[in-house]
Amino acid sequence: GDGCGHTLLTPHSGTLSSKNYPGTYPNHTACRWRLRAPPGTSLLLAFGDVDLEPSERCARSSLLLADPQAGTAYGPYCRNASPAAPLLVTNSSAVTVLFNSTSHRSGRGLLLSYATSQHPEGIWMGASLDHPPLAVCFSVYCPAGCKDIDGDIWGNPSQGYRDTSVLCKAAVHAGVIADELGGQVTLSREKGITLYESAFANGLHSKRWARGSWGPWLHPAPGPCRLPLSACGDALEVAAFNASSWWSEVDALGQDRAWAAERAALGAAGHSWAAEPSSEGAWLELDLGTRRNVTGIITKGSSGRYDYYVTSYRVSSSRDGKNWRPYRGSGGQEDKVFEGNTDSHGEVSNAFIPPIIARYVR
C-alpha cells in the first residue's frame, strides 16, 4: 500500500516501517506486510516504535497483527493502546501486519522488526546502549534491514563505536553482518577513547565524536563471547597487478608519467593507477599469488594534484585467471555494485559477506 516505508523482508528476519518514519506518517494511507518464516519455526516480533495518534479503539490510526494459522489477532495498537511488551512471541510461521491511518496531526508511525524462533534470545532493534548489559561481552541478534533505519553511529571498525551508536547499524558499517541478511553480533565493552573518527564503509557514513565514553567493539558472534578483537591487520600481499589499460601523460617538465597498474597499491606515494581516458569497461586485476580468503576491500582516490577517484565498482574473482565469477553477495541474483569514494583523499572500505576465495580479484 501507499503507507509502506522502508521494508526488507527475508525468511529469517526483516525490518519494516511506515512511510516517512520517523517523520509524521501520511493521512489516509494503508500498508499490508506478510511475514513468513521457514516451516517448523515461529515468528518473534520486536516493536521498535509505535507512535500512532491516539483515538478511541485506535480508530484513526492503528497497527494490527493477524495470525491466520492460530486465528488470533494482536492489537489494534496506537499511542493510547500500546503493545504490552516490546517483544511478541507468536506460535505461527506467518503473520500479517496491517497499518491504517485516517486524518491526524501527529505521530512518527511505526518501526517493527522480526526474527524466527531459531533466535530465542530475541531481536535487537536499532537501539543504542542506553541501558547496557552489565556483561563485558554479550551477544545480540540484528535483523535484516538495519542499514536504513533512523539514527547515527560514531566511530569506525578499527577504533570501535561510541556506546550511543545504533548498534545494528554499526554492525553493518563494521562489515560484521550483511544488511540483506542480518545476523548474530557479539559486542565487547571497553573503556572509550577521546576521539572517534568518522568513516565511510559498506554504504554508511559514521560521524566523528570528540569525547571520552564507554563504547562497544563489534565482531562476529559464532561461538562464545571473546575478548575484543583488534582491527584487522591481515592485509593481503599482492604478487602482481594487471589492468585493462593505463594512462600515460607528459608532465609539466616534459617527462613521461605512466599511471600503470602497479601504482594501484594502497598507500603508494604519488599518482595512482588510472585507465586510459575514454576507455570503457576498465578493470584492475590483483594476483594474490595463491588462493586466499578475501574478506573485504579498501579503495582510495589518487593523491597529489589530481582529483581522481572511482564512485562505484563491481568485483569478480577467479581461481585460474581465466574463468571469472561476478560477486553477488549474500544470495543475490544480480552482480553487486559497491559504493566507492566521494573524494580523492578518503579511504572507503567494503566487506565481502560471504568472503571471496580466489587467487585473482578484479
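Before any of the text, the structure's been laid out above.
This structure is a prediction, so every number in the text was calculated from the model and none was measured.

Asks: Explain the state of the cysteines residue by residue, including any values.
Replies: The tally for this structure, following the rule as stated, stands at three disulfides. Between the sulfur atoms of C4 and its disulfide mate C31 the distance is 1.7 Å. When the S-S torsion is 90°, as for the bridge of C4 with C31, the disulfide is right-handed. Of this pair, C4 sits in strand β1 (residues 4-9) while C31 sits in strand β3 (residues 29-36), placing them 27 residues apart in sequence. For C31, a relative accessible area of 4% translates into the label buried. Bridging C142 to C168, the disulfide has an S-S length of 2.1 Å. Because the sign of the S-S torsion sets the handedness, a value of about -85° for the bond joining C142 and C168 places this disulfide among the left-handed ones. Highlighted residues: C142 in strand β10 (residues 137-142) and C168 in helix α1 (residues 167-173), separated in sequence by 26 residues. As far as the burial class goes, C142 and C168 line up, both buried.

Asks: Explain the sheet that holds strand β7 (residues 87-89) residue by residue, including any values.
Replies: Spatially, the five strands line up as an open sheet ordered β1-β2-β9-β4-β7, and their pairing is antiparallel. A strand with exactly one partner marks an edge of an open sheet, and here the two such strands are β1 and β7. Taking the axes of each pair of neighbouring strands and ignoring which way they run, one obtains an average angle of 15° across the sheet. Bridging between strand β2 (residues 13-18) and strand β9 (residues 109-116) involves five bridges; their strand directions are antiparallel. Directly across from S13, in β9, lies its bridge partner A115.

Asks: Which residues make up the nonpolar core, and what are the values?
Replies: Among the nonpolar cores identified, the biggest contains 23 residues, and W33, L35, L45, F47, L63 and L65 are the most heavily contacted of them. For this core, the secondary structure elements donating two or more residues are β3, β4 (43-51), β5 (61-67), β8 (94-101) and β9. Per-element tally for this core: the top contributor is β4, with four residues. Not counting residues within four places of it along the chain, the set of residues in contact with W33 comprises C4, G5, T7, L9, L16, S17, V95, T96, V97, F99 and L110. Counting 13 residues, the second largest nonpolar core, distinct from the first, contains V140, L167, C168 and V185.

Asks: Can you lay out unusual backbone geometry for me, pointing to particular residues and giving the numbers?
Replies: The linkage connecting Y21 with the following residue, P22, adopts the cis geometry, with an omega of 5°. You can see P22 is positioned in the loop between β2 and β3. Residue P76 is reached from G75 by a cis peptide bond, and omega for that bond is 5°. Inspection of the secondary structure assignment puts P76 in strand β6 (residues 72-77).

Procedures and definitions
Positions within a chain are numbered from 1, following the residues in the order the chain's sequence is written. The model is predicted, so local features are restricted to residues of pLDDT at least 70 and side-chain atom pairs to those at 80 or more, both for listing and for counting; the totals for chains, interfaces and linings are taken over all residues. The basis for every side-chain value is the complete set of non-hydrogen atoms in the structure, without hydrogens or water. The disulfide criterion is simple: two cysteine sulfur atoms within 2.5 Å. A run of DSSP states H or I qualifies as a helix once it reaches four residues; a run of E qualifies as a strand once it reaches two. Both are numbered from the N-terminal end. A 1.4 Å probe rolled over the protein chains alone gives each residue an accessible area, and that area as a share of the maximum for its type sets the label: buried under 20%, exposed over 50%, partly exposed in between. Note on pairing: two strands pair once DSSP finds at least 2 bridges between them. Note on geometry: axes are lines fitted to C-alpha atoms, helical ones only across the stretch in contact, with angles between N-to-C directions running from 0 to 180 degrees. Put simply, buried Ala, Val, Leu, Ile, Met, Phe, Trp, Tyr and Cys residues joined by side-chain atoms within 4.5 Å make one nonpolar core. Residue contacts are counted whenever heavy atoms from the two residues lie within 4.5 Å of one another.

None of this, on its own, says anything about what the molecule does.
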